[in-house]
Protein chains: 2
Amino acid sequence: MEAALDELIAALRCLPGVGVRSARRMALHLLERDRQGGRRLSQALDVAVETIGHCSVCRTLTASDTCPRCLDAGRDRGVICVVENPGDVLAIENATDYRGLFHVLLGRLSPLDGIGPEQLGLDRLEQRFRQHAVRELILATNASVEGEVTAHYLSEMAARHGIRATRIAQGVPSGGELEYLDSGTLNQALSGRRDY
Amino acid sequence: MEAALDELIAALRCLPGVGVRSARRMALHLLERDRQGGRRLSQALDVAVETIGHCSVCRTLTASDTCPRCLDAGRDRGVICVVENPGDVLAIENATDYRGLFHVLLGRLSPLDGIGPEQLGLDRLEQRFRQHAVRELILATNASVEGEVTAHYLSEMAARHGIRATRIAQGVPSGGELEYLDSGTLNQALSGRRDY
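Residues numbered from 1 in each chain as written. Chains lettered and ligands numbered in written order. Predicted model: local features only at pLDDT ≥ 70, side-chain atom pairs only at ≥ 80, totals over all residues. Heavy atoms only, no water.

A.B. asks: Even after reading the chapter, I still don't get the sheet that holds strand β3 (residues 76–83) of chain A, so can you show me in this structure?
C.D. replies: Hydrogen bonds between backbone groups are what pair the strands of a sheet, and the pairing can be parallel or antiparallel. All names here are of chain A. With parallel pairing, the 4 strands of this open sheet are ordered in space as β4-β3-β5-β6. The sheet is open, and its two borders are formed by β4 (100–104) and β6 (164–167), each paired with just one other strand. Each strand axis lies, on average, 25 degrees off the axis of its neighbour in the sheet, ignoring direction. Across 4 bridges, strand β5 (residues 136–139) lies against β6 in parallel orientation. Across the sheet, the residue bridging to E136 is R164, located in β6. Its contacts with the sheet put helix α5 (residues 86–95) on β3 and β4, and the angle it makes with β4 is roughly 155 degrees. (Pairing = 2+ DSSP bridges. Helix = DSSP H or I, 4+ residues; strand = E, 2+ residues; numbered from the N terminus. Axes fitted to C-alpha atoms, helices over the stretch in contact; angles between N-to-C directions. Contact = heavy atoms within 4.5 Å.)

Next comes the structure, spelled out in structure tokens:
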């Protein structure tokens, strides 16, 4: 076999969800039908890997020391939304009209894996509590066990600073049919019911 | 948003089967968890796009003028297997112990799209008929309408040179259950039955 082709197929497998067969299909597609796309991807990877780091304030991915979001004077500095990953920031920004700031944990509390408050940048978050008049901390960690534990820890931290902590709603997803929901979600939806 | 991240997400979409969401997931995965993999992929793409071309004999993808397979003296020069794409060569090489040579059409006959015998390198294939004592031409084009038309054309070409043409078998795929087969396959399987 061809070494350069083998190496390209092997390298494509570092992408999540890409197995041997997909990697082979991608490699052949690029070489047979889209060499320009291959060149573009190579360059974009180079630039991104070399320039993108973490924001010194909110820890999301950025090519600057402080991300454009944290520098944006039009955003409400009184609200901080805490999420687990940079992908969660993108999801919220794309789907909602949220105009506050973020704090990205880059993980979740997991003492067994050695992930405590320091690894999640919570010292930096407390600094921000002191620097700005933060009114509300939105807990937008995942609805998993670790996400809930982390949200609980953050709510206690907020309480110590006299800041209101809110948790994003859990319940029936938009378009969801009750018949097909798991019991955990259905219980959340029922116990979290609101006046109509 | 970050320009370098946006560009990486856009560039990843040139991969087949990758939409906006997968591209975003891939970009974040590389930046958050596998920068080394990102660097490796960038370089592998560079090398592959710049060095890999088509073999001057069989037209498969190769970084040399003539691919290692065509140069391999241990292969039977009397048998040529005709396939549509370089991926078919890989599939046959990985799955079978075929030790003859190949001819890659890089397409299939499609007069309406302006794809005739010249575009498929059939002049070069006929040269090979004359240069070497080719005994058998294995028609391994896809089992689609165009694949069948192409196979038929190739069989007539082989006949003109007094070469035996064979077609790969069509029928029930390995592990296939009759109950779930389409009628075309079932008809092929029945009409192609062999003594047991």
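A.B. asks: Would you explain the environment of L122(A) in this entry?
C.D. replies: All names here are of chain A. Here L122 lies in helix α6 (residues 122–131). On the basis of relative accessibility, which here comes to 3%, the residue L122 falls in the buried class. Along the primary structure L122 and H103 are separated by 19 residues, whereas in three dimensions their C-alpha atoms are 8.9 Å apart. Residue contacts for L122: discarding those within four places in its chain leaves H103, L105, P117, Y153, L154 and M157. (Buried < 20%, exposed > 50% of the residue type's maximum accessible area, 1.4 Å probe, protein only.)

A.B. asks: In this structure, what is going on with a nonpolar patch on the surface? I would like to understand it.
C.D. replies: All names here are of chain A. A grouping of V172, L178 and L186 is seen on the molecular surface, where their side chains present a nonpolar patch of about 240 Å² in accessible area. Take L186: it is sitting in helix α8 (residues 183–191). Residue classification places L186 among the partly exposed positions, given a relative accessible area of 34%. (Patch = residues over 30% accessible without salt bridge, like charges linked within 9 Å, V, L, I, M, F, W, Y side chains within 5 Å. Areas by Shrake-Rupley, 256 points an atom, 1.4 Å probe, with all protein chains shown as cover. Salt bridge = Lys/Arg side-chain N within 4 Å of Asp/Glu carboxyl O.)

A.B. asks: What is the right way to read the sheet that holds strand β6 (residues 164–167) of chain B from this model?
C.D. replies: Residue and element names in this part refer to chain B. The parallel open sheet is built from 4 strands, whose spatial order is β4-β3-β5-β6. Where the open sheet ends on each side, the last strands, each with one partner, are β4 (100–104) and β6. Across the sheet, the mean angle separating the axes of adjacent strands is 25 degrees when strand polarity is ignored. Bridging between strand β3 (residues 76–83) and β4 involves 5 bridges; their strand directions are parallel. Each bridged residue has a counterpart across the sheet, and for V82 the counterpart in β4 is H103. Relative to the sheet, helix α5 (residues 86–95) contacts β3 and β4, its axis offset from that of β4 by approximately 155 degrees. Packing of helix α6 (residues 122–131) onto the sheet brings it into contact with β3, β4 and β5 (136–139), and relative to β4 it is tilted by some 155 degrees.

A.B. asks: I'm lost on the side chain of T150(B) in this one. Help?
C.D. replies: Within the secondary structure, T150(B) sits in helix α7 (residues 145–160). Each residue touching T150(B), except ones within four places of it in the same chain, is listed here: L105(B), R108(B), L109(B), L120(B) and T141(B).

A.B. asks: Help me out: how do you make sense of the environment of R40(A) in this one?
C.D. replies: Looking at where R40(A) falls in the secondary structure, it is placed in helix α3 (residues 35–51). Setting aside residues no more than four positions away along its own chain, R40(A) makes contact with E7(B), A10(B) and A11(B).

A.B. asks: Sorry if this is basic, but what is going on with the environment of A63(A) here?
C.D. replies: All names here are of chain A. In this fold, A63 is placed in the loop between β2 (61–62) and α4 (68–71). Note on A63: relative accessible area 41%, which makes it partly exposed. Considered as a pair, A63 and V49 are 14 residues apart in the sequence and their alpha carbons are 9.7 Å apart.

A.B. asks: Teacher, can you tell me more about the interface of chain B and chain A here?
C.D. replies: The figure often quoted for interface size is the accessible area lost as the parts come together. With 52 residues of chain B at the interface, the matching set in chain A holds 52 residues. Of the roughly 4800 Å² buried between chain B and chain A on both sides combined, carbon and sulfur atoms contribute 67%. If you look at where chain B meets chain A, you find 4 salt bridges. Across the pair E7(B) and R40(A) runs a salt bridge whose closest N-O atoms are separated by 2.9 Å. For the interface between chain B and chain A, the tally reads 16 residue pairs in polar contact (both at pLDDT 80 or more). With 15 residues, helix α3 (residues 35–51) of chain B is the largest single contributor of residues to the side of chain B that touches chain A. Of the residues in the side of chain B that touches chain A, the class split is 29 nonpolar, 11 polar and 12 charged. (Buried area = accessible area lost by both parts, 1.4 Å probe. Polar contact = N/O pair within 3.5 Å; in protein donor to acceptor, adjacent residues only side chain to side chain. Nonpolar A, V, L, I, M, F, W, Y, C, P; charged D, E, K, R; others polar.)

A.B. asks: Just to check I follow, could you spell out the relation of the copies chain B and chain A for this structure?
C.D. replies: Two chain copies here: they are related by a rotation about an axis and a translation along the same axis. When chain B is brought onto chain A, the operation consists of a screw motion whose angular component is 180 degrees and whose axial shift is 0.0 Å, with 0.1 Å RMSD remaining. The relationship between the two copies is best expressed as a two-fold rotation axis. Of every C-alpha in chain B, the one belonging to S42(B) sits nearest the axis of rotation, 2.0 Å from it. (Least-squares fit on C-alpha atoms with pLDDT ≥ 70 in both.)

A.B. asks: Help me understand the state of the cysteines in this model?
C.D. replies: Working definition: the covalent bond between the sulfur atoms of two cysteines is a disulfide. With the rule as written, the count across this model stands at 0 disulfides over all chains. With no disulfide of its own, C14(B) has C14(A) as its nearest cysteine by sulfur position, at a separation of 14 Å. With a relative accessible area of 16%, C14(B) lands in the buried category. (Disulfide = S-S within 2.5 Å.)

A.B. asks: Please clarify how the pattern of salt bridges should be interpreted in this entry.
C.D. replies: A side chain with one charge can pair with a side chain of the opposite charge if their charged atoms come near. All names here are of chain A. Scanning the model with the defined rule gives 20 salt bridges over all chains in all. Put simply, E84 and R108 hold a salt bridge, and the shortest N to O gap is 2.7 Å. Pair noted here: E84 is in the loop between β3 and α5 and R108 is in the loop between β4 and α6, with a separation of 24 residues, a long-range link. Note on E84: relative accessible area 0%, which makes it buried. With a closest N to O distance of 3.8 Å, E136 and R164 form a salt bridge. Residue E136 is found in strand β5, and its partner R164 is found in strand β6; the two are separated by 28 residues along the sequence. We classify R164 as exposed; its relative accessible area is 54%. Several salt bridges share partner residues, and in doing so they unite R69, D72, R75, E93 and R99 into one network.

Just geometry here; none of it tells us what the structure is for.
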